[in-house]
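One letter stands for each residue in the lines below.
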Amino acid sequence: MKIAIASDHGGFDQKAPLKEYMESLGHEVVDMGPGTADRCDYPDYADKVARYVAAGKADRGVLICGTGIGMALTADKVPGIRAAVIQTPQFAELFREHNNGNVLCISGRFSTLDLNKEIVHIFLTQEWAGGRHAIRVEKVMREDDPSFQGVGEDFGA
Ligand code: RB5
């Protein structure tokens, strides 16, 4: 697969080793920055990767900041993106299997490199289950449609 990766200063130290790890698994990895560990703004890098993935220029994205939270908040606002902060292998599995996640957001400060390698490995290998989860993911994605008026206040009530 082709993977886009980026970080801010909080995730910078893990960016190169994770890129190398994904390459060792046979993936093509595009480093979208930053080029130094200087303080920078995570939304700029989340935006770059999310738009690249949403445009179909990469199959998946990996974003690393201090917590992963700011990256996920930003990436999820880009239409077509399903991003989440993942801190455990089990969540990585379910993020792919149930949510068909396409942008993985991880913490450079609270998760070790070894744990993040394990999470990345699952993110790149676990298949999307589809089936009963497909309708739910379709419902997630309808929020991208500006013409969607919402489900109202009394659905299923
Ligand atoms: C930067 O200090 C920090 O806020 C950032 O890396 C990230 O944790 C944001 O969610």
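Source: prediction; values computed, not measured.

Q: Residue-level account of helix α6 (residues 132-141), with values.
A: Listed as buried for α6 are H133, V137 and M141. Seen along its axis, α6 keeps its buried residues to an arc of 80°; they face one direction. Projecting away from the buried face of α6 at angles above 90 degrees are the exposed residues R132 and E138. Those residues of α6 that are buried are in contact with α4 (89-97).

Q: How would you summarise the packing of α4 against helix α5 (residues 113-125) if you had to cite specific residues and measurements?
A: At a minimum axis distance of 8 Å, the contact between α4 and α5 shows a crossing angle of 20°. By the criterion of interaxial angle, the relationship of α4 to α5 is roughly parallel. Both α4 and α5 take part in a crossing whose hand is right-handed. For the pair α4 and α5, contact is made by P89, A92, E93, F95 and R96 and by L115, E118, I119, I122 and F123, respectively. For the contact of α4 with α5, the residue count by class is 7 nonpolar, no polar and 3 charged.

Q: An account of the pairing of strand β2 (residues 28-31) is requested, with residue identities and associated values reported.
A: Sheet analysis places strand β1 (residues 2-7) next to β2, joined by 4 bridges and oriented parallel. In the sheet register, A4 faces β2, and the bridge partner there is V30.

Q: Go over the sheet that holds β2 with me, naming the residues and quoting the values.
A: Strand order in the open sheet formed by 5 strands is β2-β1-β3-β5-β4, and the pairing between neighbours is parallel. Sheet topology places β2 and β4 (83-85) at the edges, where each strand pairs with a single neighbour. Averaged over all pairs of adjacent strands, the angle between strand axes in this sheet comes to 20°, irrespective of strand direction. Sheet analysis places strand β3 (residues 60-65) next to strand β5 (residues 103-107), joined by 5 bridges and oriented parallel. Residue pairing across strands places L63 opposite C105, the latter belonging to β5.

Q: How would you sum up the site of the ligand? Please name residues and give values.
A: Near the ligand the following residues occur: D8, H9, Y42, C65, G66, T67, I69, G70 and R109. A distance of 2.7 Å is found between an oxygen atom of the ligand and a backbone nitrogen or oxygen belonging to G66. For the ligand, an oxygen atom lies 2.8 Å from a polar atom in the backbone of G70. Here the ligand has 290 Å² of accessible area as a free molecule, and 73% of this is covered by the chains. The residue makeup of the shell around the ligand, split by class, is 3 nonpolar, 4 polar and 2 charged.

Q: For the packing of helix α1 (residues 12-24) against α5, give the residues involved together with the corresponding values.
A: Contact pair α1 / α5: the axes reach a minimum separation of 10 Å and the direction vectors enclose 40°. Overall, the two elements α1 and α5 adopt an arrangement that is oblique. By crossing handedness, the relation of α1 to α5 is classed as right-handed. Between α1 and α5, the contacting residues are Q14, P17, L18, Y21 and M22 on the first element and L113, N116, K117, V120, H121 and L124 on the second. Of the residues assigned to the contact of α1 with α5, the class counts are 7 nonpolar, 3 polar and 1 charged.

What counts and how
- Each chain has its residues counted from 1, following the order in which its sequence is written.
- Only residues with pLDDT of at least 70 get local features here, since the model is predicted, and only at 80 or more are side-chain atom pairs given and counted; chain-wide, interface and lining totals rely on the full set of residues.
- As a rule here, side-chain values come from all non-hydrogen atoms in the structure, and water together with hydrogens is ignored.
- Exposure classes here rest on a 1.4 Å probe applied to the protein chains alone. A residue is buried below 20% of its type maximum, exposed above 50%, and partly exposed in between.
- Going along the chain from the N terminus, every DSSP run of H or I of four or more residues is numbered as a helix, and every run of E of two or more is numbered as a strand.
- What the arc covers is the set of directions going from the helix axis to the C-beta atoms.
- It only takes one pair of heavy atoms within 4.5 Å for two residues to be counted as in contact.
- Note on geometry: axes are lines fitted to C-alpha atoms, helical ones only across the stretch in contact, with angles between N-to-C directions running from 0 to 180 degrees.
- Note on angle classes: values under 35 degrees are labelled roughly parallel, values over 145 roughly antiparallel, values of 65 to 115 roughly perpendicular, and the remainder oblique.
- When the near helix sits turned anticlockwise from the far one by under a right angle, the crossing is termed left-handed; a clockwise turn instead gives a right-handed crossing.
- Polar here means any residue other than Ala, Val, Leu, Ile, Met, Phe, Trp, Tyr, Cys and Pro, which are nonpolar, and Asp, Glu, Lys and Arg, which are charged; Gly is therefore polar.
- Two strands are counted as paired when DSSP detects at least two bridges linking them.
- We define proximity as follows: a residue is near a molecule or strand when any one of its heavy atoms falls within 4 Å of that partner.
- In protein, a polar contact means a hydrogen-donor-capable atom and an acceptor-capable atom, both N or O and within 3.5 Å, with residues adjacent in sequence counting only if both atoms are side-chain atoms; elsewhere, any N or O pair within 3.5 Å suffices.
- Methods summary: accessible areas were calculated by the Shrake-Rupley approach with a probe of 1.4 Å, and residue burial reflects only the protein chains presented.

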